[in-house]
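Summary of the model geometry
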Amino acid sequence: MLNDAIDLHTHTVHSDGSETPASLVARAAARGARAVAITDHDTVSGLDEGRAAAARCGIEFIDGIEISAEYASGTMHILGYCIDHGSPALHTQLHALKAARDSRNPRIAERLQELGVDVNYAEVAGLAGNEIVGRPHFARLMIDKGYVESIQDAFNRYLGKGAPAYVEKERLSPADSIALIHDAGGVAVLAHPYQLRLSNMEAAEEVVAELAGLGLDGIEAIYSRHSEAERTAYAEMAARLGLLVTGGSDYHGTYKPDLDLVDGKGDLRVPYALLERVKNRGAEWARRRTIPDGAAVAVQE
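As the structure is a prediction and not an experimental result, all values here were calculated from the model.

**Regarding the overall build of the protein chain**
Secondary structure assignment for the protein chain yields 10 helices and eight strands. Against the 2.2 N^0.38 benchmark of 19 Å for 301 residues, the protein chain shows a C-alpha radius of gyration of 19 Å, consistent with a compact globule. Along the first, second and third principal axes, the C-alpha set of the protein chain runs to 60 × 40 × 40 Å. Each of the 301 residues in the protein chain was classed as buried or not, and the buried ones make up 54%. A separation of at least 24 residues holds for 71% of the contacts in the protein chain among residues at least 6 apart in sequence. Surface exposure of the protein chain reaches about 12,500 Å², of which carbon and sulfur atoms provide 49%. A distance of 2 Å separates the average location of the 30 positive side-chain charges in the protein chain from that of its 44 negative side-chain charges.

Here you go:
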């Protein structure tokens, strides 16, 4: 029997997860999820398979994406929910981001080789097996070859921001990320805000308030790696700024083995009521991106 829990942050083999969309959805259903979103990085290629699997499993499916945004201090990702994944503008931009990623990845391989790490980019692409190749795929190959002990070890020593094999990638601005999601009729939510790497909640609230001014719809307060105090603080921040609260595990399968679907590290619970609010906001954006004759228009706030 399904319970009231949902998971709005998951990744498949179409970006940097280890499971197919169908197997991920089946696992979510087996773990009692009432609804699940697939939010692969900069791609929507797994959504049709995920939606079909959800129909077979009898759980609700949310079309999602996770977009990397420019941010100097740490990492900023914007989640998009209830998107029209057939949006021409979305596909055009995702194609451009993929081209930039395809240019970046061989440079990571070159840097690793300069550091004495025998990693061939063709091997990495073969391991990924799909259109999106990411740093976790490099890390997995480095584990297989005995250069590092874990994904985190690979990021700490070689692949993370500031590490010797790190290569910056092209990102959209926060404003463009939010606008792209809205243009696709979706709801824009700041993912895992602890990764902004700010010194305190006051500084974080200043950044989130700026994003709210750009049209941000919500904050992922209920997140696997947030402490209970952080979850409460981010939820209270959302209330002060008039933003939605969402949550999810950030499940990547074997690439983040300490995080499971639905309950994260074991203490995560995202109630279905939060999804109802997201869907209501998504319906508003879907209405506002069309005019009576059905022609698409830009959404402005």
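From this point, the discussion proceeds with the structure in view.
**Here we look at the packing of aromatic side chains**
Under the definition given, this model contains two aromatic pairs. Consider the rings of tyrosine 121 and phenylalanine 138, whose centres lie 6.2 Å apart with planes at 25°: the pair is stacked. Highlighted residues: tyrosine 121 in helix H4 (residues 121-128) and phenylalanine 138 in helix H5 (residues 135-144), separated in sequence by 17 residues. The partly exposed category is assigned to tyrosine 121, whose relative accessible area is 21%. The exposure class of phenylalanine 138 is buried, given its relative accessible area of 0%. Over the face of the ring belonging to tyrosine 255 we find arginine 140, whose NZ or CZ atom lies 5.1 Å from the ring centre. The ring of tryptophan 285 is capped by arginine 288, whose NZ or CZ atom sits 5.1 Å from the centre of that ring.

**Section: the sheet that holds strand E5 (residues 187-190)**
Pairing is mixed across the open sheet formed by eight strands, whose spatial order is E7-E6-E5-E4-E3-E2-E1-E8. Edge positions in the sheet fall to strand E7 (244-248) and strand E8 (270-271), since each of these pairs with one other strand and no more. When strand E1 (residues 5-7) meets E8, the two strands line up antiparallel, connected through two bridges. In the sheet register, alanine 5 faces E8, and the bridge partner there is proline 271.

About the criteria used
- Residues numbered from 1 in each chain as written.
- Predicted model: local features only at pLDDT ≥ 70, side-chain atom pairs only at ≥ 80, totals over all residues.
- Heavy atoms only, no water.
- Helix = DSSP H or I, 4+ residues; strand = E, 2+ residues; numbered from the N terminus.
- Rg over C-alpha atoms; globule rule 2.2 N^0.38 Å.
- Buried < 20%, exposed > 50% of the residue type's maximum accessible area, 1.4 Å probe, protein only.
- Contact = heavy atoms within 4.5 Å.
- Areas by Shrake-Rupley, 256 points an atom, 1.4 Å probe, with all protein chains shown as cover.
- Lys, Arg positive; Asp, Glu negative; His and termini not counted.
- Charge placed at Lys NZ, Arg CZ, Asp CG, Glu CD.
- Phe/Tyr/Trp six-rings, centres within 6.5 Å; stacked < 30°, edge-to-face > 60°.
- Lys NZ or Arg CZ within 6 Å of the ring centre and 35° of its normal.
- Pairing = 2+ DSSP bridges.

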